[in-house]
Amino acid sequence: MTTTPGERELPLDVRRSTGSSGRDAALVEAVLDALASPTVLLDPAGRVVLANSAWTAAGVERQAPILPGADYHALALALRDDEDARRLVGELRELADGERTEVSVDRSVPDPTGAATSWFHVQGSRIDQVGHVVVTHVDITARVLAEKASAWQARHDSLTELPNRSHLHELIDAELRRPGRPAVAVLFLDVDGFKDVNDSLGHEVGDELLRQLAGRLLAVTRGQDTVGRLGGDEFVVLSRDCEADGAELLAQRCQATFEQPFDLGGRTHRLSASIGIAAVPAGSPAEVRSTDLVRDADLAMYAAKAAGRNRVRVFSPELRDSVQRKVQLASELRDAIADGGLTLHYQPVVEVATGRVTGVEALVRWQHPERGWIGPCEFVPVAEQHDLVIPLTRWVLGEACRQTAAWRDDGVLVVTGVNISAVHLVTGTLVDDVLTALQGAGLDPRQLVVELTETSAAEDPARAAQQFRRLRELGVESWIDDFGSGFSSLGRLVAIPAGVLKIDRSLVTGADGPAGAAIAAVVGLAHGCGMRSLAEGVETAAQLRRVVDLGCSYAQGFHLGRPVPAEEFLGWMRANGGRLDLSAG
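All values derive from a computational prediction rather than experimental measurement.

1. Comments concerning helix α11 (residues 290-306)
Stage number 1. End to end, α11 covers 24 Å across 17 residues, agreeing with the expected 24 Å (1.5 Å per residue, within 8%).
Stage number 2. For α11, the complete set of buried residues consists of S290, D292, L293, V294, D296, A297, L299, A300, M301, A304 and K305.
Stage number 3. Residues of α11 that are buried sit in contact with α7 (165-176), β6 (184-192), β7 (226-231), β11 (272-280), β12 (312-314) and α12 (317-339).
Stage number 4. Positioned one or two residues after α11, G308 has a phi angle of 130 degrees, which is positive.

2. Digging into unusual backbone geometry
Stage number 1. Unusually for a residue other than glycine, R181 sits at a positive phi of about 45 degrees.
Stage number 2. On the secondary structure map, R181 appears in the loop between α7 and β6.
Stage number 3. Exposure remark for R181: the relative accessible area of 13% places this residue in the buried category.
Stage number 4. Here the phi dihedral of R309 falls at roughly 70 degrees; this positive angle occurs in a residue that is not glycine.
Stage number 5. Position of R309 relative to the elements: it lies in the loop between α11 and β12.
Stage number 6. On the basis of relative accessible area, R309 is assigned to the partly exposed category, the value being 42%.

3. Points about the pattern of salt bridges
Stage number 1. One pass over the full model with this rule turns up 32 salt bridges.
Stage number 2. One salt bridge connects E147 with R143, and the closest N-O pair in it is separated by 3.4 Å. Residue E147 and its partner R143 are both found in helix α6 (residues 141-155); the two are separated by 4 residues, about one turn of the helix.
Stage number 3. E147 sits in the partly exposed class, given a relative accessible area of 45%.
Stage number 4. Taking the relative accessible area as the measure of exposure, R143 reaches 41% and is therefore partly exposed.
Stage number 5. When the shortest N-O distance is used, the salt bridge between E175 and R240 registers 3.1 Å. Linking E175 in helix α7 with R240 in strand β8 (residues 234-240), this pair joins segments that are 65 residues apart in sequence.
Stage number 6. Salt bridges here are not isolated pairs; linked through shared partners, they connect R289, D292, R295, D296 and R320.

4. Details of helix α9 (residues 203-220)
Stage number 1. Compared with the 26 Å implied by 1.5 Å per residue over 18 residues, the 26 Å span of α9 between its first and last C-alpha is a close match.
Stage number 2. V205, G206, L209, L210, L213, A214, R216 and L217 are the residues of α9 that are buried.
Stage number 3. On its buried face, α9 sits against β6, α8 (194-201), β7, β8, α10 (244-256) and β9 (262-264).

Calculation notes
Residues numbered from 1 in each chain as written. Predicted model: local features only at pLDDT ≥ 70, side-chain atom pairs only at ≥ 80, totals over all residues. Heavy atoms only, no water. Helix = DSSP H or I, 4+ residues; strand = E, 2+ residues; numbered from the N terminus. Expected span 1.5 Å × (residues − 1). Buried < 20%, exposed > 50% of the residue type's maximum accessible area, 1.4 Å probe, protein only. Contact = heavy atoms within 4.5 Å. Salt bridge = Lys/Arg side-chain N within 4 Å of Asp/Glu carboxyl O.

In structure tokens:
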């Protein structure tokens, strides 16, 4: 028999249909048996001619008994009539008819005993011109399971086993592309105070909190909803067929899960969550992507957190406009810091026993060339949100030191206070930045004070104490600002080597009432710790008299002097000899 390249001549039926010798038939059987994978030889019609011993050893025969003349095509469909099986049968027929050169199909085979499904790579090759086909079956179950596990892990969060960021976006995009554009809502949940849990109890306890929260969210969401974790303490809920009103109810159910304390590290902890919602109504014609929806829900969450935490906010276009304005403002602020577009005003600090102006507090001001006056209450939070606090503080330190040195050269000696953010403590660069500013201006360290709010110092008192001690060694004094505005541990705060406690204006305002006793307590605390006291926000003569009677060392406020430009302050100091007549009030 003539053969073509790659083909060999075999009997039509190894045992009966040909005149081949028994030796040839035995050789064919031996070749098939030598193959490690379960293998069958089919005639052109798809009937089984031979099956090797590996077929039986692999247990395939228990699922698909092979008898001479059995219809392999029917057998393949009987095992599982699915798309892969129909493709396999169709391609085997094309192979036997010479319409293709090979068959390569992966298919799953169920175990009749109920055990796990197996997967096989089925390979078919035509071995002669007549149409005989050899079909091998390679068990790829281990590989498929590994691939499935890897694919699952790539799409799920390893800690909570919830869909991760990339998979969530896939699911949201798929929902947004559904025919008819059903209503879709996304909830963006952030745990209030999660950082405190992580920092105080450790990351293992924080991980346990996230696992517990994942279980609670799964329990309160609907069957058609999907709960996922973006990362950290941020969770997203994809709510299908849900308008904004329904999403708000769902958000309230999510918040209600926080009413029950979390059992963490053997102790119970009460927490809350801020939730933002972004929704696309049913039939919306606008083209929306998952990134848009999650971003909008994130913006709404930040608005909820800014409103006081433990709130729910629904996204609106006004929110996006507000964020865009802040981004633009941040860009302009960055330029203003670099190009000298900011100025400092100085508010006097008065020694109440003598009326002498002993110092000033440097306060940053921004006169925008197009927007006009922009107050610190607007641009300082923007600086905090866009990593501009450190560059801004470095500029203020440098400018305040230069100005204080210039006053010194003009015969005016004052101590200048500069406000420091808690962010600056965390970076660990505060001491170096202060030194750079002092050396750049040639200023005596005793003429500079760094001020840190009570709440900022309490965030990490050990770090604050370490850096304040180093500054004191260099000659720079540290003051605790806004004392009495928070609920910090006095024990931790008094361990910080500060020179002055600045009593918060909220206490000074009520100095004639019960707040007077609080002021007296702070004055006593400061004195007992070797510190002095300064009353902030003194706006009337009566308030001044009261804080003097209560023993404050210094005072500051509009009644004593408003923040003014450097030139104006210098002129006033020269005209008044650096003193105020406190009795005139």
